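# A closer look at the structure
Listed below, chain by chain, are the residues.
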Amino acid sequence: MREEHKILPVPAEVAAADALRIANWRDASVQLYGSFAATIAVEVKLHPDAEWQTVASETGPAIVAIPDGAHSLRVNTTAFTSGAPGAALGGWVS
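Here the structure is a predicted model, which is why all the values come from computation and not from measurement.

## Regarding the pattern of salt bridges
Under the definition given, this model contains two salt bridges. Linking E4 and R2 is a salt bridge whose minimum nitrogen-to-oxygen distance equals 3.3 Å. The class for R2 is partly exposed, based on a relative accessible area of 46%. For the salt bridge of E43 with R74, the shortest nitrogen-to-oxygen distance reads 2.5 Å. With a gap of 31 residues between them, E43 in strand β5 (residues 36-45) and R74 in strand β8 (residues 72-83) connect regions that are remote in the sequence. When sorted by exposure, E43 lands in the same class as R74, which is buried.

## So, the environment of H5
Along the chain, H5 falls in strand β1 (residues 2-8). A sequence separation of 24 residues divides H5 from S29, and the C-alpha atoms of the two residues are 9.7 Å apart. When neighbours within four sequence positions are excluded, H5 is seen to be in contact with L89 and G90.

## Topic: the nonpolar core
Membership of the largest hydrophobic core comes to 21 residues, with the highest contact counts inside it found for V30, I66, L73 and L89. Contributions of two or more residues to this core are made by β4 (25-33), β5, β8 and β9 (86-93). By residue number, the principal contributor to this core is β5, which donates five residues. Apart from residues lying up to four places away in sequence, L89 is in contact with E4, H5, K6, L8, L20, I22, W25, A28, S29, V30 and L73.

## Focus on unusual backbone geometry
Despite not being glycine, D27 has its phi angle at roughly 50°, a positive value. Position of D27 among the secondary structure elements: in strand β4.

Cut-offs used in this document
Residues numbered from 1 in each chain as written. Predicted model: local features only at pLDDT ≥ 70, side-chain atom pairs only at ≥ 80, totals over all residues. Heavy atoms only, no water. Salt bridge = Lys/Arg side-chain N within 4 Å of Asp/Glu carboxyl O. Buried < 20%, exposed > 50% of the residue type's maximum accessible area, 1.4 Å probe, protein only. Helix = DSSP H or I, 4+ residues; strand = E, 2+ residues; numbered from the N terminus. Contact = heavy atoms within 4.5 Å. Core = buried A, V, L, I, M, F, W, Y, C linked by side-chain atoms within 4.5 Å.

If you want it as structure tokens, here you go:
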């Protein structure tokens, strides 16, 4: 396994970003950062045909643990007023 980091897209409007396949990631976390007035949901699917499930919904900078076994991940801006939210994914990839 190798350590990996990726910058994730975070919409600066009410919208969901494109999904990222993370089936081969372990011990992953998403860090939300930046100065913003928004609500950002970190969402996962355990199967490609499953519905999106919210792991955490945050209104400021935070670190969110992603459950092992997740198939896909996305960042969903559910409310937005202003600012520049950012997100980064880190973990171990096989």
